[in-house]
Amino acid sequence: MADPISRQLDTIQSMLVRGQRNLRMERHSLVLWGLAGAGLFLSSDAVFTAEQIPDTTQRALIWLAWIALVLGSAGWADWHLTGRVKAARDETWSFIHRQVVKLLWLLMGIGTLFTFATFFFGGAYMLCTVWLVLIGLALYVHGLFSEEVLEWAGGIIIAIGVAGLAARLPFETMKWIAASVFGLGLPMLSGLLDHGRARPFTLRLAQAAGWTVLVLAAPFAGHRYASALQPPEVPVTPLEAFLAGTDLAGTRIVSLPAGTRVPVRVEVSGDLFRPSADAILPLTLDQPLEVLLRDGQPTGDVRAPGGPWRLARETHWISIPWMRASLDPAHGPQVESALVVDFHGGNARQ
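Going along each chain's sequence as written, the residues are numbered from 1 onward. Local features in this predicted model are restricted to residues of pLDDT 70 or higher, and side-chain atom pairs are both shown and tallied only at a pLDDT of 80 or more, whereas totals for entire chains, interfaces and linings draw on every residue. Remark: hydrogens and water are excluded; side-chain values derive from all non-hydrogen atoms of the structure.

Asks: Just checking my understanding: could you explain helix 3 (residues 56–88) for this structure?
Replies: At 3.6 residues per turn, the α-helix brings residues three or four places apart onto the same side. Helix and strand labels come from DSSP, where a helix needs a run of H or I of at least four residues and a strand needs a run of E of at least two; each type is numbered from the N terminus. To estimate the expected span of a helix, subtract one from its residue number and multiply by 1.5 Å. End to end, helix 3 covers 48 Å across 33 residues, agreeing with the expected 48 Å (1.5 Å per residue, within 8%). All of the buried residues in helix 3 are Arg59, Ala60, Trp63, Ile67, Val70, Leu71, Ala74, Gly75, Asp78, Thr82 and Lys86. The secondary structure elements touched by the buried residues of helix 3 are helix 2 (27–43), helix 4 (95–121) and helix 5 (127–145). N or O atoms within 3.5 Å of each other form a polar contact, as long as, within protein, one can give a hydrogen and the other can take it, and as long as residues adjacent in sequence are counted only when both atoms are side-chain atoms. One side-chain oxygen of the residue at the start of helix 3 lies 3.3 Å from the amide nitrogen of threonine 57, identifying that residue as aspartate 55. Following helix 3 by one or two positions, aspartate 90 has its phi on the positive side, about 60°. Exposure classes here rest on a 1.4 Å probe applied to the protein chains alone. A residue is buried below 20% of its type maximum, exposed above 50%, and partly exposed in between. Contacts are assigned to residue pairs with any non-hydrogen atoms lying within 4.5 Å of each other.

Written as structure tokens, this is what we have:
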């Protein structure tokens, strides 16, 4: 039979924990926010694309409205469902709970504004990391006052986002990881909620490890399957033969030899320089390249001769490390810049 004093101490400790962690994360909240976030990531290649809306400003404004609508709808539904559940339990909105909800909206607003800004200032390759860090921070802060498991999950999500950026994973891979964290991870996390009960460290560690494995297994398995779907092998056509041909139908591989000139046409806009049709940056291939075409249009899949395909869905690292203007008597006004295009995707300087 347990010692009465020990039972009393355990009861007092349980009361203190409940007093310190006086918030309660509702299961429907994680499901709603998870589905909303996953839906935004998964719809990014299907709706409001550059092909559908060429104008950048219009596309940015439409995406701003779309994100606000989706997240606003999820927040409205969460607020009303939580209010109904609290009323059924005869609970009220505590001061701390209201402040945590405000913090959540602040973080979602930061993510929305960052997404909007990437249309004009770049940095879209960090988009998934930013959203993962923000939702991870929201869960971690909520977990400080409610569920210990939320602290673990929040910290893991932040680590996943930062690790993906540090490892320079392709944007397509990071998008699927983010969609899995939201659409699969958050609903799964709702099943781990235990109303703030104290659990042994080993149990928390096992829960965190299992949750992480399941969340990451889905996108990496999907990426592995997609990588196995290589473009079809068809005869390689030299560039000269392709330029001399007239029938562009079907799938073909065109070989570009080293030394091929690839002019980059730059569209100039703004109020400082006049638009010019001859604003061309002449580039020359330093190594041979094979390009996949379908009905005369490049698919974006490229490879070195005899090497593996670099698929269009995998991001190539292109960066402009610096840009400066100069004015001197010898050269007059000019703008100098550096452009780094790394075909292997691992050594581009940012």
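Asks: Got a minute to help me understand the nonpolar core in this structure?
Replies: Residues belong to one nonpolar core when they are buried, are Ala, Val, Leu, Ile, Met, Phe, Trp, Tyr or Cys, and are joined through side-chain atoms within 4.5 Å. If you look at the biggest cluster of nonpolar residues, it comprises 42 residues, and the most contacted ones within it are Leu71, Met108, Leu132, Leu139, Ile157, Leu186 and Leu189. When residues no more than four places from it in sequence are discounted, the contact partners of leucine 186 are Leu30, Trp33, Gly34, Ile135, Leu139, Ile157 and Val181. Ranked by size, the runner-up nonpolar core spans 10 residues in total, among them Phe242, Leu285, Leu293 and Phe343.

Asks: So what exactly am I meant to see when it comes to the packing of helix 2 against helix 3 here?
Replies: The relative placement of two packed helices comes down to the angle between their axes together with the axis-to-axis distance. Fitted lines through C-alpha atoms serve as axes, helices being fitted only where they are in contact, and the angles separating the N-to-C directions of these axes extend from 0 to 180 degrees. Relative to each other, helix 2 and helix 3 sit at 170°, their axes nearing to 9 Å. The orientation of helix 2 relative to helix 3 falls into the category roughly antiparallel. On the side of helix 2, the interface is formed by His28, Ser29, Leu32, Trp33, Ala36, Leu40 and Ser43, while helix 3 contributes Trp63, Trp66, Ile67, Val70, Leu71, Ala74, Gly75, Ala77, Asp78, Leu81, Thr82 and Val85. For this scheme, ten residues count as nonpolar: Ala, Val, Leu, Ile, Met, Phe, Trp, Tyr, Cys and Pro. Four count as charged, namely Asp, Glu, Lys and Arg, and the remainder, Gly too, count as polar. Its residues assigned to classes, the contact of helix 2 with helix 3 comprises 13 nonpolar, 5 polar and 1 charged. Roughly parallel means an angle under 35 degrees; roughly antiparallel means over 145; roughly perpendicular covers 65 to 115; every other angle is labelled oblique.

Asks: Any chance you could explain helix 4 here in plain terms?
Replies: Taking 1.5 Å as the rise per residue, helix 4 with 27 residues should run 39 Å; its terminal C-alpha atoms sit 38 Å apart, in good agreement. Of the surrounding elements, those touching the buried residues of helix 4 are helix 2, helix 3 and helix 5. Positive backbone phi, approximately 80°, marks glycine 122, located one or two places after helix 4.

Note that all results are geometric; they support no functional claim without further evidence.
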